[in-house]
Amino acid sequence: MEKKLKTVLFIVLGNAVLALGNAAFLVPNGLISGGVTGIGLILQQFLHIPVDIGVMVAEVVLFALGAFVMGKSFAATILMSTILYPTFFSLFGKIPFLTSLTDDKLMASIYAGLFIGAGIGMVIKVGGSTGGMDIPPIILNRWFGFSIPVMIYVGDTTLLLIQAFYSSSEQVLYGIIVVMLTSIVMDKFLIMGQKQTQVMIISPKYEQINETIHQKIDRGSTLIHATTGLQKEEQKVVLSIVSNRQLSALNDIVLEIDPQAFVVASEVNEVKGRGFTLSKRFLTAPEK
């Protein structure tokens, strides 16, 4: 129940932030963009349809396409975003305060990229979808195995190129800033709070180091069988995942036990399992 509530909350908040970035910064400053907002801008230019109406039409058509090709279960996963985003976009676009926050196009591009990237990141982080232009890449991935992120970039680039025919070179450059910032912020947001440090320790005193990690760092470990490259000696390597805060303490402990220990630390973006995404399970050490 708690997980479902978190998922719903992030989808609602994510769509609100996404809509705010488009309605408050992108559209009022005449910037161009990808996604369903880009489709709305194109429809406004060629068919003189208000952007919010164009966005709503695009969302409904793409939703219907996804439901027809991928089935009802897929449609259910994106129904919330299909309803929420056009609603928030239309609402925010009618609030004068929000649509007049800045008339500096560079600042508007930066904030649009930040808000749009954060909004998409919130939704995808909990396994949701923003609907819209996510749908064609998902269908292409199912039919032909194409990469979804690559297809999203191709779709956004195509929409930018279409808008470039009736936009100034300055608008195109600002549009590129929006798309690039969106991608960067979205990627950063997806791994936010999940980064840990993987540490591999090579030392003849691996048993003492291994026990100390459990007792003083309160982290699990794995012993990996290895052979030294030069002297061909059989030895075990201690592998452990610690938080960035714990890395310094772990280094001090290892070097205190064995000043000659070989320590390799690398950042990992996501860790799942006992002690991280699952609660710790304390086991009694086997008798020796």
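Please refer to the structure placed before this passage.
Here is a short report on the structure shown in this document. Bear in mind the structure is a predicted one, so any value in this text is a computation, not a measurement. (Residues numbered from 1 in each chain as written. Predicted model: local features only at pLDDT ≥ 70, side-chain atom pairs only at ≥ 80, totals over all residues. Heavy atoms only, no water.)

Quick look at the packing of helix α1 (residues 2-26) against helix α6 (residues 105-125) now. Between two packed helices, what matters for the description is the angle formed by their axes and the separation of those axes. In contact at an axis separation of 7 Å, α1 and α6 are set at 165 degrees when each is read in the N-to-C sense. Here α1 is positioned roughly antiparallel relative to α6, judged by the angle of their axes. For the element pair α1 and α6, the recorded crossing hand is left-handed. For the pair formed by α1 and α6, the contact residues are Phe10, Ile11, Leu13, Gly14, Asn15, Val17, Leu18, Leu20, Gly21, Asn22, Phe25 and Leu26 on the first element and Ala108, Tyr111, Ala112, Phe115, Ile116, Ala118, Gly119, Ile120, Met122, Val123 and Lys125 on the second. A breakdown of the residues in the contact of α1 with α6 according to their chemical character gives 17 nonpolar, 5 polar and 1 charged. (Axes fitted to C-alpha atoms, helices over the stretch in contact; angles between N-to-C directions. Helix = DSSP H or I, 4+ residues; strand = E, 2+ residues; numbered from the N terminus. Parallel < 35°, antiparallel > 145°, perpendicular 65-115°, else oblique. Left-handed = near helix turned anticlockwise from the far one by under 90°. Contact = heavy atoms within 4.5 Å. Nonpolar A, V, L, I, M, F, W, Y, C, P; charged D, E, K, R; others polar.)

At histidine 48, a position not held by glycine, the phi torsion is positive, near 60 degrees. Summarising the element assignment, histidine 48 is placed in the loop between α2 (35-47) and α3 (51-70). Residue histidine 48 is classed as exposed on the basis of its relative accessible area, which comes to 69%. Positive phi values are uncommon outside glycine, yet aspartate 218 reaches one of about 60 degrees. Of note, aspartate 218 is situated in the loop between α10 (206-217) and β2 (222-227). (Buried < 20%, exposed > 50% of the residue type's maximum accessible area, 1.4 Å probe, protein only.)

This next bit is on the sheet that holds strand β3 (residues 234-242). Pairing is antiparallel across the open sheet formed by 4 strands, whose spatial order is β2-β3-β1-β4. With partners counted over all chains shown, the strands left at the sheet margins are β2 and β4 (262-268), one partner each. On average, each strand axis in the sheet is inclined to that of its neighbour by 25 degrees, with strand direction left out of account. Note that β2 and β3 share 6 bridges and pair antiparallel. Its bridge partner being in β3, isoleucine 224 is matched across the sheet by valine 237. (Pairing = 2+ DSSP bridges.)

Before going further, it helps to examine the packing of aromatic side chains. Applying the stated rule across the entire model yields 6 aromatic pairs. With 5.4 Å between their ring centres and 20 degrees between their planes, phenylalanine 25 and tyrosine 111 make a pair best called stacked. Separated by 86 residues along the polypeptide, phenylalanine 25 in helix α1 and tyrosine 111 in helix α6 bring together distant segments of the chain. According to the relative accessible area criterion, tyrosine 111 is partly exposed, its value standing at 37%. Centre to centre, the rings of phenylalanine 25 and phenylalanine 115 are 5.5 Å apart; their planes meet at 35 degrees, and the pair counts as tilted. Taken together, the positions of phenylalanine 25 in helix α1 and phenylalanine 115 in helix α6 put the pair 90 residues apart, joining distant regions of the chain. Feature note: the residues Phe25, Tyr111 and Phe115 constitute an aromatic cluster, connected by ring pairs. Of note, lysine 6 hangs over the ring of phenylalanine 10, and the distance from its end group to the ring centre comes to 5.8 Å. (Phe/Tyr/Trp six-rings, centres within 6.5 Å; stacked < 30°, edge-to-face > 60°. Lys NZ or Arg CZ within 6 Å of the ring centre and 35° of its normal.)

Here we come to the pattern of salt bridges. According to the stated counting rule, one finds 1 salt bridge in the structure shown. Between lysine 94 and aspartate 52 there is a salt bridge; the shortest N-O distance is 3.3 Å. With lysine 94 in the loop between α4 (72-93) and α5 (96-99) and aspartate 52 in helix α3, the pair connects residues that are 42 residues apart, well separated along the chain. Under the relative-accessibility criterion, aspartate 52 is labelled buried at 18%. (Salt bridge = Lys/Arg side-chain N within 4 Å of Asp/Glu carboxyl O.)

Relative to the helices and strands, threonine 102 is located in the loop between α5 and α6. A polar contact is formed between the side chain of threonine 102 and the backbone nitrogen of aspartate 104, at a distance of 3.1 Å. Once you skip the residues sitting within four places of it in the chain, threonine 102 turns out to touch Phe25, Asn29, Met107 and Ala108. (Polar contact = N/O pair within 3.5 Å; in protein donor to acceptor, adjacent residues only side chain to side chain.)

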